[in-house]
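# Structural overview for review
Each chain is listed here by its residues.
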Amino acid sequence: MRVALRALAASCILIMNTAQATETNQQNNTVDNLQTELKSIQSEYDTFITSLAVVNDNIAIENTKLAQARTQGKALVGQTAKALAQMNAQYTLMIDNPMQDIATSQNDYRYAVQQQQKNKQLIKDSVATLAQLNKQVSEKNIERVRLLNQRETISEEINISRINRLNNEMQQTQSLDVNQRVNCDLQTSFSKCISRSNLLSKQKASKTYLTSLFNSVTEAKLVSKHKANSSAHVKLLGHKVLTGEFSGQGTYSSTMQVTMQGVLPKNAACKLLNISTRYCAEQSPQVAQSTTTTDNDDNKGALYELTIRSNQYDDEVFIDGVSYGSTKLSVMLSPGPHHIVIKKPNYMDFEQNIKLKNNLMVRAELVKATVSLRNGQAVQDFLASGERGPELISVPSDIKQAIKAFSVGQNPITVADFKHFVSASNYTTAAESGNGCVEYLNGKETYNADLNWRQPGFEQTDEHPVVCINSADTNAYLTWLSKATGQKYRLPNNGEWEYVARAGSSYNYWWGNDAGNSKANCAYCGSQWSNKSTAPVQSFKANKFGLYDTVGNVWELTGGNNLVARGGAWNFAPKLAQVDVRLELKPDFRANYIGFRAVREN
């Protein structure tokens, strides 16, 4: 017969470690302090935006004054000419009549000339005022980005502190006393009855403790919304039967003390807080090793479903070099790495490496090639010295944006590229002949006289992007490169830069809307260079045009009426690396996070 089990009573006593409670309070204070700091910088930013709006309003007013003065100037030219003609007519009359009074016409002409001179001075003063106001706007735009970066940096730190706080709150070791009573029939042995009671006590303790953890964390309301799909669980560390006795009716009553620890596997904290998993990327070696072993054990003989969809039909899908026909496609594959290629005539190849460890869907977006030039063709001109110039990639035209086909640097211009130029021309950059270049010091932009493209303030090799150069240095390099190769090189304009940076994508970054982890070199992006230095070019995956570092590493200068840099940098927050963000600069500005990418006209 089966053992009839009934829980008649249960009492729980939670014992919290005092040291752990203190640490939790410290984490709370860290988040609270950062949130207070964020409010402060947001207030500073709002005040700054108000002052910037005042300057822009003044520019608008001054532009109106200048336009009115110039319109008035045209009218005054006519009035002066008319007064002169009238005065000359009076002089002609005076020849026949020496008594002719010409004083009035002389005064009219004199007054017209005076008014015209005043107008010219007014225009001159207005132009000077506008120049000063535009200079203020340029300086304020740099300050605006600094404040934005500071705000986003604090936001990143808040999320990191929230993760640390939740890990600390959930991964505590505590003990729980559980009272349990079960009914055992006469055919059940004492040992089996005791074992079943002990198992029920452990299950009850685990469930109770996990529920108490979810309810006791600081962000319990948010965590409760996402705990259903969470991998958070409880690990049993030990148990001790405190009391146990049978009654005359075959009822076994016991009290067990169960010691447990909360466990948050990789990414669990991020999922519970509903934030990007890049904040949970770093795991201790022991956890990572344990997870790997478990995965290998579970994956023996497993097959997972890989589903592939694309935005085109009549394409052809290759997986590990084998054709599987066109999309829509669903195929069962073994776990591990696989290489996907999707081809269609007159479209760019879609390529993606995956590591299959569960069922997965891949959505491919094929980009149409609309030029006769072979899309993605590598271009590298020879310099006059016989050395090779920067590596370029041919990109197709874009009819909607009226962008002609051109070739663009596969990477930002590197230290090695710039060395060729300096060696051939004996050129000296502004940073070397002036007061150095800018670095961020204690959150402020500070010129350091010791910094230049050779020594930017961190270790670099020939394969790192060149920095600490300004607009004049960039133009000098591109002029030299054009002469050395016989081709026309220049900076990409804003439309061209955004076109190649997106590479057919409409997301914040070419791979999606989330910065992810270790996908680019920007502050809090998870790479080994993040917030430390530039990274060697091609350290991260190329976009669909085959271009590297269009997100992060260095801000890239673009050509146009105003000097604008795009793409973010190693020491700027991920949000400032989004494809639509612009950094407006003064022409002479140079910093150890500013570089450039070359365009060659086809």
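Each chain carries its own residue numbering, running from 1 in the direction its sequence is written. At least 70 in pLDDT is required for a residue's local features to be given in this predicted model, at least 80 for side-chain atom pairs to be given and counted, and no such filter applies to totals for whole chains, interfaces and linings, which use all residues. As a convention, hydrogens and water are excluded, and side-chain values are obtained from all of the structure's heavy atoms.

Time to look at the overall build of the protein. Secondary structure elements follow DSSP: runs of H or I of four or more residues count as helices, runs of E of two or more count as strands, with numbering from the N terminus. Secondary structure summary: the protein contains 10 helices and 22 strands in total. A buried classification covers 45% of the 602 residues belonging to the protein. Only the protein chains shown count as cover for residues, and the accessible areas themselves come from Shrake-Rupley with a 1.4 Å probe. Total accessible area on the protein is roughly 31,500 Å²; 49% of this is exposed by carbon and sulfur atoms. Only protein chains enter the area calculation, which uses a 1.4 Å probe; residues under 20% of their type maximum are buried, those over 50% are exposed, and those in between are partly exposed.

With that out of the way, let us pick up the state of the cysteines. Count a disulfide wherever a pair of cysteine sulfur atoms falls within 2.5 Å. Evaluation of the coordinates by the stated rule reveals 3 disulfides. A disulfide bridge connects Cys270 with Cys280, and the sulfur atoms are separated by 2.1 Å. Every disulfide takes its handedness from the sign of the S-S torsion; for Cys270 and Cys280 that torsion is 105 degrees, giving right-handed. Within this pair, whereas Cys270 is found in helix H5 (residues 268-273), its partner Cys280 is found in the loop between H5 and helix H6 (285-299), the two being separated by 10 residues in sequence. Taken individually, Cys270 and Cys280 each receive the classification buried, so the pair is uniform in this respect.

What follows is about the packing of helix H7 (residues 415-425) against helix H9 (residues 471-485). Axes here refer to lines fitted to C-alpha atoms; in helices the fit is confined to the stretch in contact. Angles between the N-to-C directions go from 0 to 180 degrees. In contact at an axis separation of 10 Å, H7 and H9 are set at 80 degrees when each is read in the N-to-C sense. What the angle tells us is that H7 and H9 run roughly perpendicular. Between H7 and H9, the contacting residues are Asp417, Phe418, His420, Phe421 and Ala424 on the first element and Asp473, Ala476, Tyr477 and Trp480 on the second. Three categories are distinguished: nonpolar for Ala, Val, Leu, Ile, Met, Phe, Trp, Tyr, Cys and Pro, charged for Asp, Glu, Lys and Arg, and polar for the others, with Gly belonging to the last. Taken together, the residues of the contact of H7 with H9 break down into 6 nonpolar, 1 polar and 2 charged. Orientation is classified from the angle alone, with under 35 degrees giving roughly parallel, over 145 giving roughly antiparallel, 65 to 115 giving roughly perpendicular, and any other angle giving oblique. Two residues qualify as a contact provided that any one of their heavy atoms is within 4.5 Å of a heavy atom in the partner residue.

Right, let's talk about the environment of Val178 for a bit. Summarising the element assignment, Val178 is placed in strand S2 (residues 173-183). Overall, Val178 belongs to the buried group, its relative accessible area being 0%. C-alpha of Val178 to C-alpha of Leu200: the two residues are 22 residues apart in sequence and 9.8 Å apart in space.

Next up on the list: the nonpolar core. We define the nonpolar core as a collection of buried residues of types Ala, Val, Leu, Ile, Met, Phe, Trp, Tyr and Cys that are connected through side-chain atoms lying within 4.5 Å of one another. Formed by 54 residues in total, the largest nonpolar core has its most connected members in Tyr477, Trp555, Leu557, Leu585, Tyr593, Ile594 and Phe596. Secondary-structure elements contributing two or more residues to this core are helix H1 (18-96), helix H2 (103-170), H7, strand S15 (437-441), H9, strand S18 (555-558) and strand S21 (594-596). Considering each element in turn, this core owes the most residues, 6 residues, to H2. Within the second largest apolar cluster, 27 residues are counted, among which are Ala232, Met260, Cys270 and Ile275.

Omega for the bond connecting Thr327 with Lys328 falls within 30 degrees of zero, at 10 degrees, which places this linkage in the cis form. Mapped onto the elements, Lys328 comes out in the loop between strand S7 (322-323) and strand S8 (329-333). Non-glycine residue Ala402 carries a positive phi angle of around 55 degrees. Here Ala402 shows up in the loop between strand S13 (392-395) and strand S14 (406-409). In this structure, Asn442 is a non-glycine residue whose phi angle is positive, near 55 degrees. Topologically, Asn442 is positioned in the loop between S15 and strand S16 (444-448). Residue Asn442 is classed as exposed on the basis of its relative accessible area of 78%.

This next bit is on the pairing of S13. Of the two faces of S13, the one holding Leu392 and Ser394 and the one holding Ile393 and Val395 are both buried throughout. For two strands to be treated as a pair, DSSP must find no fewer than two bridges joining them. As defined by bridge partners, strand S12 (residues 378-379) adjoins S13 across 2 bridges and the pair is classed as antiparallel. From the neighbouring strand, Ala378 faces S13, where its bridge partner is Ile393. One ladder, built from 4 bridges, connects S13 with S14; its direction is antiparallel. By the bridge assignment, Ser394 is partnered in S14 with Ser407.

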